[in-house]
Amino acid sequence: MIRNNILVLMMLFTLHSFSQTSIVDIPNVSADQGANNFGLLQNSPSVVIERGPYLQSGTPTSVIVRWRTDTATESVVNYGTLLSSLSLNETSTDLTTEHEVALSGLTPNTKYYFNIGNKTEVLSESVTGDMYVITAPAAGTKQFVRAWILGDPGTANNNQREVRDAYYDYVAAAPTNQGKTDMMLFLGDNAYNTGKDSEYQNAFFDVYDDMFKKSVAWSCLGNHDGDSADSATQSGPYYDIFTFPTAGEAGGTPSGTEAYYSFDYANIHFIILDSHQSSRDIGGAMYNWAQTDIQNTTQDWIVTLFHHPAYSKGSHDSDFDHRPIEMRENLMPMLEANGVDLVLNGHSHSYERSYFLNGHQGFAHTFNPDEISKGGHTVGATGNGDGKEDGDGAYQKTSVATEGAVYITTGSAGQISGGDLNHQAMFLSLNELGSCILEIEDDGMGGQNLTVKFLRENDEIDDYFTINKSGINLKADAKGTEQKSVVLFYDSDKGLINLNLDAKERLKKVKFYNNVGNLVKKSKKESINVRKLPKGTYVIEITTNKKTYNEAVMIE
Amino acid sequence: MTKLFKNLGTNLGTIQVFKRLLPILTFFMLSVQVFAHGDLSMRIAEKTVAISENPDNAELYYERGLLYQQHTEYSNALEDYHKSQVLGNTNKALHYRIAEVHYVTEDFKKALKSIGSYLELDSIDVKGKKLEAQIWYNLGAYKESLKAYHYVMETMVDIRPEDILEFADIILAENKNNYNDALEAIEFGLDQLGPNTLSLQLKKLDYLEDSDQREKALEHYNYFIVEYKRKEFWYYRKAEYLAKMDRPQESNISLKLATATIGQLDDRFKNMSSIIKLKEQIKSLESLNNQRL
């Protein structure tokens, strides 16, 4: 009897373990289910929408609308700023089942309603106005932004749906910008078990169908996506399903690949890395690209996402797996040195959120939250606190104190898998289902707050923190205040460069070099007319009988 | 005697029950380790249970081998792949995986043999040809590598920057002075992937420098300076190159432009550690240049 009871207990334990991770097989439902969406009409007798529409690669002036039909047909998107008058349209007469239509020439920060169809009929529309795209604000715009962050969601089971519904409840009742989701950020493993197209249908499109019709989805590659997709050939469902910017179309540096890319949204720069299949080596193609990309942005906030967590003691151990170690040791020092604010990872099916970190590339046990110094482990007076404005205080960044980032491993949007959950760099580790919400808004004092909330599947917010960035509005003097010169003065009103030499010095010559160092003007006068020079930065070489000066001037 | 048989029967029954529960027990034992190694370990454990139930299933060994490979347990992966072969798996994918494991464990001769078996079954597969080219490269057989990679370049639909870089590297391995062809490969990549693809433009710069095409290299620095919003790092790199070419005065002009550009940055960028470090580098190089003037 005792033995039987032990066996039953063991089986129950095993079943519990399965229940946390197993994938519920759901029939491959597609178009018919779409027709059940409130306010959405998809009743074409001839052509059936099997997938979508979903929005990709949104920029201030463009967006890509994608969908799938059961038979090959033309692609038509009708759109306009009034639901009652979709007077604009984009058409492709190519017959296809995989439709991909780029809308361009749009106005930034503007809501466009749309429907999709072919040359003879509308195949999907929303009479209640739930199918739309709001174009991204122009880069640099400071405004409220909300992103929904989903890590490892693709189980297609009720866990995933409960996490989804909790967010839908949250955004529907949000005190500010109700109903607005500027983007969805997927942290990979979007469709278990191997990221096949049919699994994407069940675990991705069928689950988030409503949101995909009004919010642009971005993603990084997860290891399960990588089971059926191959970065080396950019083939497989993951690469077929998504359309990401490879040529800097959305504001970043051209990477030439969808495996890693970047984009701007408002005053945020997002860097998406491939921690799974691309080389993570220093000096590798991805590293070089990321370094150039981050060193080229002038955005106020920098957020990076990749699948394998830099820090985790969840169902994956960042001290054990080589990918997290390489990301942490190779990529993170460079990204931190260039001002990354927030790092979003998945892979471990839990929620682990760090202190305000900088320069901790070692194993978990080497982390020391009390080490607060330049290149230390936590940053600033509040860096080893909870990051809550109503607690130990928000994490702080200023125009002088520019270091510090919060790392979140949030891979529990579809399942939880436990683990030790005791990484020392983490302020909080939870074995709970949920997704994260990123919100950026003005702090009312000239700066901005970046707040992230961990929203449980039961609608509870189990964690939140804020990074406050002051001095965002401290713009540099256009003339370059650091370049005040004692030997020359630029009078922009008169378009003159006036030299101010010592009485004992005799001017021999003056040379002007343009922004690429080419000699563009010579003079021997002490007052030089520069009105005809194009705007830009110049180096002026002044040679006297005593010495040679090199001064930089911004000609307006 | 009857009691003996009864006990024996009970023991045999227990053995039967135990045998039936063995897979569950195995899974339980393995699941204890799961938390340490993540869901890949979980999947390996599941596959191990499946194998214990179907020990002659070639496909299961192949699948577990694949999981071992992903978990970088290469000797276990090879063991499973070979077991799968012994059990009758003739699938070409198996040959590819075996080649791949030999390749990552740097047993290039065995890798070549396996990829050969794979290509016998599918001689036009791009992925297979690419691995073959990489194996030849590591064996120092650059002509063969180049031939295989040519096929990859001509056939691959979605070329990545990494492919172009690898191809160009092989060209130079085959003939260390053949920068013309290497640069041509880069231009081909830029044509395919977009004219501003960063990693290709960076490699072009490297090749121009390495082949001592000085003026073209300087022009290429100017390309970066003009193309990019933030120019300070490019000015510095150009200054470094000019200094290396013993042109300290021009180098100083580029450094001055770098400093001016930093001055135009918002305060928060000026105080980032990367910029602080850059300022130190500028100062140091300027000092070196001035000594040479």
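These figures come from a predicted structure and were not determined experimentally.

**What to know about the overall build of chain B**
At step 1: The number of helices and strands found in chain B is 16 helices and zero strands.
At step 2: Out of the 293 residues in chain B, the part that is buried amounts to 51%.
At step 3: At a minimum sequence separation of 6, the contacts of chain B that also span at least 24 residues come to 48%.
At step 4: Carbon and sulfur atoms form 51% of the exposed surface of chain B, whose accessible area is close to 14,500 Å².

**Points about the packing of helix α2 (residues 39–53) of chain B against helix α3 (residues 58–70) of chain B**
All names here are of chain B.
At step 1: Between α2 and α3, the shortest axis-to-axis distance is 10 Å and the interhelical angle comes to 160 degrees. Taken together, the axes of α2 and α3 are roughly antiparallel relative to one another. As α2 runs across α3, the sense of the crossing is left-handed. Here L40, R43, I44, K47, T48, A50 and I51 of α2 come into contact with α3, specifically with L60, Y61, E63, R64, L67, Y68 and Q70.
At step 2: Its residues assigned to classes, the contact of α2 with α3 shows eight nonpolar, two polar and four charged.

**Let's talk about the sheet that holds strand β25 (residues 519–523) of chain A**
Residues and elements named next belong to chain A.
At step 1: Pairing is antiparallel in the open sheet, where four strands are placed in the order β25-β24-β27-β28. Two strands bound the open sheet, and with one partner strand each, they are β25 and β28 (548–555). Geometrically, the sheet is characterised by an average inter-axis angle of 20 degrees between neighbouring strands, direction not taken into account.
At step 2: By the bridge criterion, eight bridges tie strand β27 (residues 536–544) to β28 in an arrangement that is antiparallel. Pairing of G536 across the sheet is with I555, part of β28.

**Observations regarding the pattern of salt bridges**
All names here are of chain A.
At step 1: All chains considered together, the criterion is met by 40 salt bridges over all chains.
At step 2: A salt bridge links R328 to D319; its shortest N-O distance comes to 4.0 Å.
At step 3: Residue R328 is classed as buried on the basis of its relative accessible area of 0%.
At step 4: On the basis of relative accessible area, D319 is assigned to the buried category, the value being 18%.
At step 5: Each member of the salt-bridge network shares a partner with another, and the members are R51, R68, E98 and D197.

**Brief notes about the side chain of K469(A)**
At step 1: In this fold, K469(A) is placed in strand β21 (residues 461–469).
At step 2: Only 2.5 Å separates the side chain of K469(A) from the backbone oxygen of D300(A), close enough to count as a polar contact.

**Examining the packing of aromatic side chains**
Here the distance between the centres and the angle between the planes together describe a pair of aromatic rings.
All names here are of chain A.
At step 1: For the coordinates displayed, the defined rule picks out 44 aromatic pairs over all chains.
At step 2: Directly above the aromatic system of Y132 lies the positively charged group of K111, at a separation of 4.2 Å from the ring centroid.
At step 3: For the cation-ring pair, K388 lies above Y464, with the distance from its terminal atom to the ring centre recorded as 4.1 Å.

**Re the nonpolar core**
Residues and elements named next belong to chain A.
At step 1: In terms of nonpolar packing, the biggest core is built from 177 residues, with L185, Y208, F263, F270, L273 and L342 touching the most fellow members.
At step 2: If we ignore the near neighbours within four places in the chain, the residues touching F263 are M183, L185, W218, A250, I268, H269, F270 and I272.
At step 3: I497, L499, I542 and Y549 belong to the second largest nonpolar core, which has 18 residues in total.

**Let's talk about the packing of helix α3 (residues 158–172) of chain A against helix α4 (residues 197–212) of chain A**
Residues and elements named next belong to chain A.
At step 1: At a minimum axis distance of 11 Å, the contact between α3 and α4 shows a crossing angle of 15 degrees. Classed by the angle they form, the pair α3 and α4 counts as roughly parallel. As α3 runs across α4, the sense of the crossing is right-handed. For the pair formed by α3 and α4, the contact residues are Q160, R161, R164, Y167 and Y168 on the first element and N202, A203, D206, V207, Y208, D210 and M211 on the second.
At step 2: Class assignment of the residues belonging to the contact of α3 with α4 gives a composition of six nonpolar, two polar and four charged.

**Re the confidence of the model for chain A**
At step 1: Overall, the prediction assigns chain A a mean pLDDT of 89, with 88% of residues at 70 or greater.
At step 2: Scored below 50 in pLDDT, residues 5–42 of chain A makes 69 contacts in the model with residues more than four places away or belonging to other chains.

**With respect to the pairing of strand β9 (residues 183–186) of chain A**
Residues and elements named next belong to chain A.
At step 1: The alternating pattern of β9 places M183 and L185 on one face and M184 and F186 on the opposite face, and all of these are buried.
At step 2: Taken together, strand β8 (residues 145–150), α3 and β9 form a β-α-β motif whose crossover is right-handed.
At step 3: Note that β9 and strand β10 (residues 216–219) share four bridges and pair parallel. Looking at the pairing, F186 lines up with S219 of β10.
At step 4: In the classification by handedness, the crossover that spans β9, the intervening α4 and the parallel β10 is right-handed.

**Considerations on helix α5 (residues 92–104) of chain B**
Residues and elements named next belong to chain B.
At step 1: Counted at 1.5 Å a residue, the expected span for α5 with its 13 residues is 18 Å, and the 19 Å between its end C-alpha atoms agrees.
At step 2: What α5 keeps buried is the set L94, H95, Y96, I98, A99, E100, V101 and H102.
At step 3: On the buried face of α5, the contacting elements are α3, α4 (74–86), α6 (108–121) and α7 (126–138).
At step 4: The opening residue of α5 is N91, an N-cap whose side-chain oxygen sits 3.0 Å from the backbone nitrogen of A93.
At step 5: One or two steps after α5, the chain reaches E106, where phi turns positive at roughly 65 degrees.

**Side note on a negative patch on the surface**
At step 1: Together, E389(A), D390(A), E441(A) and D442(A) make up a region of like negative charge exposed at the surface.
At step 2: Among the structural elements, E389(A) can be located in the loop between β15 (351–354) and β16 (395–397).

**Regarding empty space enclosed by the protein**
Residues and elements named next belong to chain A.
At step 1: Evaluated as defined, the whole model comprises four cavities of 30 Å³ or more.
At step 2: The space that makes up the largest cavity amounts to roughly 130 Å³.
At step 3: In terms of lining, the largest cavity is formed by 18 residues, of which the most central are I134, A136, D182, V216 and Y265.
At step 4: Elements that contribute at least two residues to the lining of the largest cavity include exactly β7 (132–134) and β10.

**Description of the sheet that holds strand β22 (residues 488–491) of chain A**
Residue and element names in this part refer to chain A.
At step 1: As summarised here, the arrangement of the three strands in space is β22-β23-β26, forming an open sheet in which the pairing is antiparallel. Edge strands, defined here as strands with exactly one partner in the open sheet, are β22 and β26 (527–529). Along the sheet, successive strands turn relative to each other by an average axial angle of 20 degrees, direction set aside.
At step 2: Summarising the sheet, β22 and strand β23 (residues 496–499) pair through four bridges and their orientation is antiparallel. Note that in β23 the partner of F489 across the bridge is N498.

**Re the confidence of the model for chain B**
All names here are of chain B.
At step 1: When pLDDT is averaged across chain B, the result is 88; 87% of the residues are at 70 or more.
At step 2: Residue range residues 1–10 is modelled with pLDDT below 50. Its contacts to residues more than four positions away, or to other chains, number zero contacts.
At step 3: Below pLDDT 50 for its whole length, residues 27–37 participates in 24 contacts with residues either more than four positions away or in separate chains.
At step 4: At the level of chain-chain contacts, confidence expressed as ipTM amounts to 0.85, with global pTM at 0.87.

**Here's the deal with the environment of L60(B)**
Residues and elements named next belong to chain B.
At step 1: Residue placement: L60 occurs in helix α3.
At step 2: Remark: the alpha-carbon pair of L60 and Y207, spanning 147 residues in sequence, is separated by 48 Å.
At step 3: Apart from residues lying up to four places away in sequence, L60 is in contact with K47, A50, I51 and N54.

Analysis parameters
Residues numbered from 1 in each chain as written. Chains lettered and ligands numbered in written order. Predicted model: local features only at pLDDT ≥ 70, side-chain atom pairs only at ≥ 80, totals over all residues. Heavy atoms only, no water. Helix = DSSP H or I, 4+ residues; strand = E, 2+ residues; numbered from the N terminus. Buried < 20%, exposed > 50% of the residue type's maximum accessible area, 1.4 Å probe, protein only. Contact = heavy atoms within 4.5 Å. Areas by Shrake-Rupley, 256 points an atom, 1.4 Å probe, with all protein chains shown as cover. Axes fitted to C-alpha atoms, helices over the stretch in contact; angles between N-to-C directions. Parallel < 35°, antiparallel > 145°, perpendicular 65-115°, else oblique. Left-handed = near helix turned anticlockwise from the far one by under 90°. Nonpolar A, V, L, I, M, F, W, Y, C, P; charged D, E, K, R; others polar. Pairing = 2+ DSSP bridges. Salt bridge = Lys/Arg side-chain N within 4 Å of Asp/Glu carboxyl O. Polar contact = N/O pair within 3.5 Å; in protein donor to acceptor, adjacent residues only side chain to side chain. Phe/Tyr/Trp six-rings, centres within 6.5 Å; stacked < 30°, edge-to-face > 60°. Lys NZ or Arg CZ within 6 Å of the ring centre and 35° of its normal. Core = buried A, V, L, I, M, F, W, Y, C linked by side-chain atoms within 4.5 Å. pLDDT = per-residue confidence, 0-100. Right-handed = clockwise from strand over helix to strand, strands pointing away. Expected span 1.5 Å × (residues − 1). Patch = residues over 30% accessible without salt bridge, like charges linked within 9 Å, V, L, I, M, F, W, Y side chains within 5 Å. Lys, Arg positive; Asp, Glu negative; His and termini not counted. Charge placed at Lys NZ, Arg CZ, Asp CG, Glu CD. 1 Å grid on protein atoms, 1.4 Å probe; cavity = no way out; pocket = protein on both sides within 12 Å on 5 of 7 lines; lining within 4 Å. Points joined across faces, edges and corners; volume = space filled by probe spheres on them.

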